[in-house]
Amino acid sequence: MSVLVYTENWDGKFKKLSFELVSYAAKIAEELNTKVVAVSIGNVEKAALAELGKYGASKVIVVCNGELNNLDNKAYNAVLAQAAEKEGANVIILAHNNKGKALAPGLSVKMKAGLISGVTGLPSSYSPMVVKKKSFTGAAFANVKVLSEKSILTLFQNSYAVVEKNIEPSIEEFAPALPAINTQVTNVDKVTGKILLSDAEIVVSGGRGMKGPENWSGIEELAQILGAATACSRPVSDEGWRGHSEHVGQTGKIIAPNLYFALGISGAIQHLGGVSSSKCIVAVNTDKDAPIFEAADYGIIGDVRKVLPDMITAFKEFKASN
Amino acid sequence: MKILVCISNVPDTTTKIRFNAEKTEFDKTGVQWIINPWDELALTRALELKEGSGGAVECVDVASVNLIDAEPTIRKALAIGADKAFRVNAMPKDAYFVAGQLAEVVKSGGYDLVLCGIESSDYNGSAVGGMLAEFMDYNSVSAVSGINLDGGKITINREIDGGKEVLNISAPLVAVVQKGIAIDPRIPNMRGIMMARQKPLTVSEPTGIDALTSFETYELPAPKAACKMIDPENVKQLIDLLHNEAKAI
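Every value quoted in this text rests on a predicted model; they were computed, and no experiment measured them.

Chemist: In this structure, what is going on with the nonpolar core? I would like to understand it.
Modeler: The nonpolar side chains of a soluble globular protein tend to be buried with one another. Residues Ile92(A), Val114(B) and Leu132(B) are the most contacted members of the largest nonpolar core, which totals 63 residues. Among the elements that take part in this core, helix H3 (residues 95-109) of chain B stands out by supplying eight residues, more than any other. Here Val114(B) is in contact with Leu4(B), Cys6(B), Val106(B), Leu132(B), Tyr138(B), Leu173(B), Val174(B) and Ala175(B), once residues within four sequence places are set aside. Val3(A), Val60(A), Leu153(A) and Tyr218(B) belong to the second largest nonpolar core, which has 43 residues in total.

Chemist: Any chance you could explain the packing of H3(B) against helix H4 (residues 128-136) of chain B here in plain terms?
Modeler: How two helices sit against one another is set out by the angle between their axes and by the gap between those axes. All names here are of chain B. Orientation of H3 relative to H4, taken along the N-to-C sense of each, is 50 degrees, at an axis distance of 8 Å. Put simply, H3 runs oblique to H4. The element H3 and its partner H4 pack so that their crossing is right-handed. Contacts between H3 and H4 pair Ala95, Tyr96, Val98, Ala99, Gly100, Leu102, Ala103, Val106 and Lys107 from the former with Val128, Met131, Leu132, Phe135 and Met136 from the latter.

Chemist: Looking at this model, I keep getting lost on the interface of chain B and chain A. Mind explaining?
Modeler: Frequently, the measure chosen for interface size is the accessible area that the parts lose on association. Contacts between chain B and chain A engage 75 residues on the former and 88 residues on the latter. For the pair chain B and chain A, the two sides together bury roughly 6900 Å², of which 58% comes from carbon and sulfur. The interface formed by chain B and chain A includes eight salt bridges. Between Lys224(B) and Asp297(A) there is a salt bridge, with its nearest N and O atoms 2.9 Å apart. Here chain B and chain A share 41 residue pairs in polar contact (both at pLDDT 80 or more) between them. Those elements that place two or more of their residues in the side of chain B that touches chain A are helix H1 (37-51), H4, strand E7 (139-150), strand E8 (153-160), strand E9 (163-169), strand E12 (213-219), strand E13 (228-230) and helix H6 (235-245) of chain B. If one sorts the elements of the side of chain B that touches chain A by residue count, H6(B) sits on top with eight residues. Here the side of chain B that touches chain A is composed, by residue class, of 38 nonpolar, 21 polar and 16 charged. Bridging between strand E8 (residues 140-146) of chain A and E12(B) involves six bridges; their strand directions are antiparallel. When the sheet's bridge partners are listed, Asn143(A) is paired in E12(B) with Thr217(B).

Chemist: Can you help me understand the packing of aromatic side chains in this one?
Modeler: One pair of aromatic rings is described through two measures. These are the centre distance and the angle between the planes. The full count for this structure, using the stated rule, is 15 aromatic pairs over all chains. Ring plane angle 20 degrees and centroid distance 4.4 Å describe the contact between Phe19(A) and Tyr55(A), whose orientation is recorded as stacked. Highlighted residues: Phe19(A) in helix H1 (residues 16-31) and Tyr55(A) in the loop between helix H2 (46-54) and strand E3 (57-63), separated in sequence by 36 residues. The interplanar angle of 90 degrees and the centroid separation of 6.3 Å between the aromatic rings of Phe26(B) and Trp33(B) together place this pair among those described as edge-to-face. An aromatic cluster is present here, built from Phe136(A), Phe19(B), Phe26(B), Trp33(B), Tyr123(B), Phe215(B) and Tyr218(B) joined pairwise through their rings. Looking at Lys15(A), its charged tip hangs above the ring of Trp10(A), at a distance of 4.3 Å from the centre. Its end group placed over the ring of Phe141(A), Lys132(A) keeps NZ or CZ at 4.9 Å from the ring centre.

Chemist: It is not clear to me how the environment of Val307(A) should be interpreted in this structure. Could you clarify?
Modeler: Mapped onto the elements, Val307(A) comes out in helix H9 (residues 304-321). Linking Val307(A) and Asn285(A), residues 22 residues apart in sequence, is a C-alpha distance of 9.5 Å. When sequence neighbours within four positions are dropped, the list of residues in contact with Val307(A) reads Val284(A), Ile300(A), Gly302(A), Pro232(B) and Val235(B).

Quick notes on the rules
Residues numbered from 1 in each chain as written. Chains lettered and ligands numbered in written order. Predicted model: local features only at pLDDT ≥ 70, side-chain atom pairs only at ≥ 80, totals over all residues. Heavy atoms only, no water. Core = buried A, V, L, I, M, F, W, Y, C linked by side-chain atoms within 4.5 Å. Buried < 20%, exposed > 50% of the residue type's maximum accessible area, 1.4 Å probe, protein only. Helix = DSSP H or I, 4+ residues; strand = E, 2+ residues; numbered from the N terminus. Contact = heavy atoms within 4.5 Å. Axes fitted to C-alpha atoms, helices over the stretch in contact; angles between N-to-C directions. Parallel < 35°, antiparallel > 145°, perpendicular 65-115°, else oblique. Left-handed = near helix turned anticlockwise from the far one by under 90°. Buried area = accessible area lost by both parts, 1.4 Å probe. Salt bridge = Lys/Arg side-chain N within 4 Å of Asp/Glu carboxyl O. Polar contact = N/O pair within 3.5 Å; in protein donor to acceptor, adjacent residues only side chain to side chain. Nonpolar A, V, L, I, M, F, W, Y, C, P; charged D, E, K, R; others polar. Pairing = 2+ DSSP bridges. Phe/Tyr/Trp six-rings, centres within 6.5 Å; stacked < 30°, edge-to-face > 60°. Lys NZ or Arg CZ within 6 Å of the ring centre and 35° of its normal.

In structure tokens form, the structure reads like this:
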């Protein structure tokens with residue numbers, strides 16, 4: 001038996017998310033009295049692979065094959081299923097991000113393993129496996145029980161703290177059989193030089209109260225000072241002030257950063273569904289009765305276009321002295 | 001080409017979420033039901049593809065796994081413009097069960113392109129589309145924000161963690177779609193609503209697939225402490241609180 005974790009890499013590098021996943025897997029493995037095996041697909045340097053041991057992986061399985069340069073759901077799931085079988089994995093853990101969401105469902109059917117997606121913490125029971133997950137778009141949690149022998153969990157970013165274990169992992173190359181690759185990627189447009197919304201620990205988000213796209217430089221400046229990602233509410237992306245990829249809320253992205261700034265966002269229920277799991281929310285709005293203040297920890301009643309420049313000055317001073 | 005759009009019946013997005021006293025079931029009292037927002041965008045895009053295909057797309061049908069009380073939602077999909085509808089008469093137990101039932105609809109209808117919304121706004125599983133592809137052994141792409149047909153070629157825009165990709169993939173295909181796939185969902189017009197009453201809605205009984213998971217109990221998030229208000233003239237206090245109290249910076 002083992003706990004298998006898929007650790008995705010970005011241009012050969014792991015991120016904090018990868019270490020959160022391994023730490024989470026290590027805790028589950030400890031409870032099940034077994035070990036963590038990490039699967040890495042693509043070219044990653046040995047030192048980086050060994051780093052997975054720091055967070056609790058006893059073994060790292062490396063699959064290097066040019067056919068796997070782009071995500072093909074069938075091919076990646078063939079790799080994960082074969083690795084799981086080889087390692088006798090009863091629990092498989094993936095990230096609840098685009099890749100994890102693309103792969104976990106197919107793997108669930110392939111392995112007849114019950115899938116609980118979007119978990120935010122450790123299981124409350126291991127036999128049977130019961131884990132809490134977000135439901136009703138952040139408005140509730142559901143405790144879901146796995147009825148099959150094997151289970152698959154997808155973990156939300158930023159919901160499990162990394163724990164160091166300092167294991168020296170064995171690194172093993174693996175060449176599983178691959179099906180024909182059907183996904184032909186013709187163009188890749190990677191975001192560079194910006195903090196991704198999905199990775200961000202701090203998010204600065206603007207709403208209709210910003211009055212227009214020309215006022216976004218303040219949001220970008222504050223985000224830059226804080227090392228934050230930028231986001232927006234639905235009306236802002238619908239108006240085309242910002243791209244759809246920045247929309248957070250019920251029909252956009254669901255995020256859970258440590259700190260979320262809602263600037264000029266009234267906080268419609270659909271918006272709150274996407275951000276209410278943030279650990280700390282700061283709201284600036286002219287309307288003292290805006291629903292955002294019910295979800296916020298700290299609030300400022302005022303015109304964001306007046307308050308934001310003061311915030312920028314104050315945060316700059318803070319950053320300069322800390 | 002035949003397109004099937006899978007439809008989930010979900011509480012209206014403004015619904016106050018409540019559960020029964022035992023916290024084992026969602027309280028449906030007074031709830032308005034809608035087409036899951038992502039499924040509605042999928043249907044809208046499917047209809048655009050059909051209209052722009054010069055006859056190459058033969059039909060856009062919808063399928064849902066649900067009891068009879070979901071029929072108004074399914075009729076709405078017909079009113080928006082779907083040609084036919086299928087309802088598998090069963091409580092949707094979990095994503096695996098639902099995908100297994102939908103696979104029967106896909107098989108019997110011979111659909112070569114299936115569109116599913118990336119998640120439903122109630123159970124947020126992000127699972128049915130990917131599971132359906134595996135049941136059918138179809139190709140699949142997730143996080144699809146654009147889809148175009150050019151003859152037999154399918155071009156897809158997909159969001160990846162850290163950017164976007166354009167790709168080609170062949171049918172039969174399950175595309176799991178998200179925001180961006182269509183600008184605004186279509187709203188049924190009066191003619192559509194009238195026509196929807198005449199369109200076929202076929203009901204079938206479920207096949208014997210067991211669920212792999214069960215939803216045991218629900219919890220509501222702990223109520224938040226009251227928001228601390230800060231004087232807009234004293235923004236420094238915010239920084240002090242974020243640093244020393246919340247330890248967020």
